[in-house]
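Spelled out from the first residue to the last, the chains are:
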Amino acid sequence: MIKEKQCIKPIAPYPAGKPIEEVKRELGLSKVVKLASNENPGGCSPKAREAMLAAVSESGLYPDGYAYDLRMALAAHYHLDADQFSFGTGSDGLIELICKAFLEAGDESVIPAPSFSLYEANVRAAGACPVIVPAGQDYQLSLSAMAAAVTERTKVLWLCNPNNPTGLMFSEKDQEELLSKVPDSVLVVLDEAYYEFACDCPEFPNSLALLSQRDNVVILRTFSKVYGLAGLRVGYAMAQPEIIRQMERVRAPFNVCRIAQKGAVAALEDQAFVRQTILQNHENREFLCRGFQKLGLPYLESKTNFVAVKIDKDSRAAYDALLKRGYIVKGGHALDMPGYLRVSIGTREECEGFLNALEEVLKEI
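Here is what the cut-offs are and how they apply
Residues numbered from 1 in each chain as written. Predicted model: local features only at pLDDT ≥ 70, side-chain atom pairs only at ≥ 80, totals over all residues. Heavy atoms only, no water. Helix = DSSP H or I, 4+ residues; strand = E, 2+ residues; numbered from the N terminus. Buried < 20%, exposed > 50% of the residue type's maximum accessible area, 1.4 Å probe, protein only. Contact = heavy atoms within 4.5 Å. Core = buried A, V, L, I, M, F, W, Y, C linked by side-chain atoms within 4.5 Å. Pairing = 2+ DSSP bridges. Right-handed = clockwise from strand over helix to strand, strands pointing away. Polar contact = N/O pair within 3.5 Å; in protein donor to acceptor, adjacent residues only side chain to side chain. Axes fitted to C-alpha atoms, helices over the stretch in contact; angles between N-to-C directions.

1. Describing the environment of Gly 127
Among the structural elements, Gly 127 can be located in the loop between helix H5 (118-125) and strand E4 (129-134). With relative accessibility at 26%, the residue Gly 127 sits in the partly exposed group. Setting aside anything within four residues of it in sequence, one finds Gly 127 in contact with Cys 7, Glu 104, Ala 105 and Gly 106.

Listed below in C-alpha cells is the structure:
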C-alpha cells in the first residue's frame, strides 16, 4: 500500500458547502437555496459575463501565464507596480503557494482560531507546525496573543480580516500594534477576501500602505466574493516584488484560465456593479439581523456578506433540519463554533424564507 506523507495525516478534507444539485438529488427537492459559501446572490457583472462568453472561442489556447491584462488593470486600480502581484486559483491557491514558497519542516506558523481552515491544512501539508491561537470568548481575534506566540521558529503568521467564519474585523490600531511586535523575518499574511464589504468602516486597516513600509507583508484578495466570480477561481496577492518573486518560483505556469482572466478584468472595470452589490448586501444583512433579533437569537456583528448566529442548539441537527427544508448553511460543528450557524447573505426573498425555516427548525429540534 502506498503511504501518505506523515504530515498530512491530521488533515481533514475541506468541508465545502453542499452543491445545490447534490441536495436536490439526495432529498428530492425542486427548490434549494444555498447560503453556505458566501457567494454573491446577484451573480457577476453583465460586463464580466460578456467578456467571458467572448473568450470561450479562445479556449483551445493556453492562458497568459503572466496574466498581463489583469496584472495591469489591478496595478492601475491600486496604484501599485506590476511586479507586486501574483495570481492564484482563488485565495485558496495563494495560501498553498505561500506555504510552498516559505515553509518547510521544522518551521512554525501562527494561526488564529476559529478562522479559515485552509491555513492549517496547507501549513501541515508543507511539513511545518501550526501554532493555533484561540480567539477570546467574544470570538474577536486576540492579536496580542498571536504576537506573543511568535518564536524564533516562526516563519508565517496568518490574519483574516474580516475574519471567516465570524465576520468580525480588527482595527488598524490593533494591526499596527501586532506588526510592531513581529520580527521582519516573519511573513505576515493579511487575508482580505471580504475587504470590499468592510473597507468603508473608518477603523478598517489601510493595509496597502504597508507595502511601501514593510518587506514582510502580503495581502490576499479575491474576485470570488463581491465580484461574483467564485466559479472561476481568481485570487491575487499584493506584496513587495521580492516576496512575489519567491511565490512565482513555485506557481503553476497557467494556473488562472483565460476565461477567468478576461472576466476578472471586466469585473474590475464595473465598479457600479460592486457598489450595488455592497448596498444590497448591507440592506439584506440588516434585514437578516432584525429577523434574528425577533427570534431572540444573538449574532456576531459581521462586516461581511455572512452572519454567524448563535442558536444555542445542536448546530448539526439545525443544519440537517434546514437542509430538509431546502436551505444550505454552514453549521458551527464544521467551523469550530459549536451552537452557531454561519449564514450567507442572499436576496431579500432568500433571507425571508430562511428566517421562516429557521423559526420552524428551532421549535422542532
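2. So, the nonpolar core
Core analysis: the largest hydrophobic core is formed by 52 residues, its most contacted members being Leu 70, Leu 74, Phe 85, Leu 157, Leu 159, Phe 223 and Met 238. No other element matches helix H10 (residues 258-269), which puts six residues into this core. Each residue touching Leu 159, except ones within four places of it in the same chain, is listed here: Tyr 119, Leu 143, Met 146, Phe 170, Leu 178, Val 188, Val 189, Leu 190 and Asp 191.

3. What about the pairing of E4?
In terms of strand pairing, strand E3 (residues 108-113) meets E4 through six bridges, oriented parallel. Across the sheet, the residue bridging to Ala 113 is Pro 134, located in E4. Since E3 and E4 lie parallel, the crossover through H5 that links them has a hand, and here it is right-handed.

4. A few points about the side chain of Thr 166
Residue placement: Thr 166 occurs in the loop between strand E5 (154-160) and helix H7 (172-181). Classification of Thr 166 by relative accessible area gives buried; the value is 0%. Reaching out from Thr 166, the side chain makes a polar contact with the backbone nitrogen of Leu 168 at a distance of 3.2 Å. Apart from the residues lying within four places of it in its own chain, the contact partners of Thr 166 are Pro 114, Tyr 139, Leu 300, Phe 306, Ala 308 and Met 337.

5. What about the sheet that holds E5?
The mixed open sheet is built from seven strands, whose spatial order is E2-E8-E7-E6-E5-E3-E4. The open sheet has two edge strands with one neighbour each: strand E2 (85-88) and E4. Each adjacent strand pair in this sheet contributes to an overall mean axis angle of 25°, direction not counted. For E2 and strand E8 (residues 235-239), the ladder comprises four bridges, and the chain directions are antiparallel. Bridge pairing in E8 places Phe 87 opposite Tyr 236. Seen against the sheet, H5 touches E3, E4, E5 and strand E6 (187-191) and runs at an angle of roughly 155° to E4.

6. Quick notes on unusual backbone geometry
Along the chain, Ala 113 connects to Pro 114 via a cis peptide bond; the corresponding omega equals 0°. With respect to the secondary-structure elements, Pro 114 resides in the loop between E3 and H5. Omega for the peptide link from Asn 161 to Pro 162 comes to -10°, which places this bond in the cis form. Among the secondary structure elements, Pro 162 is positioned in the loop between E5 and H7.

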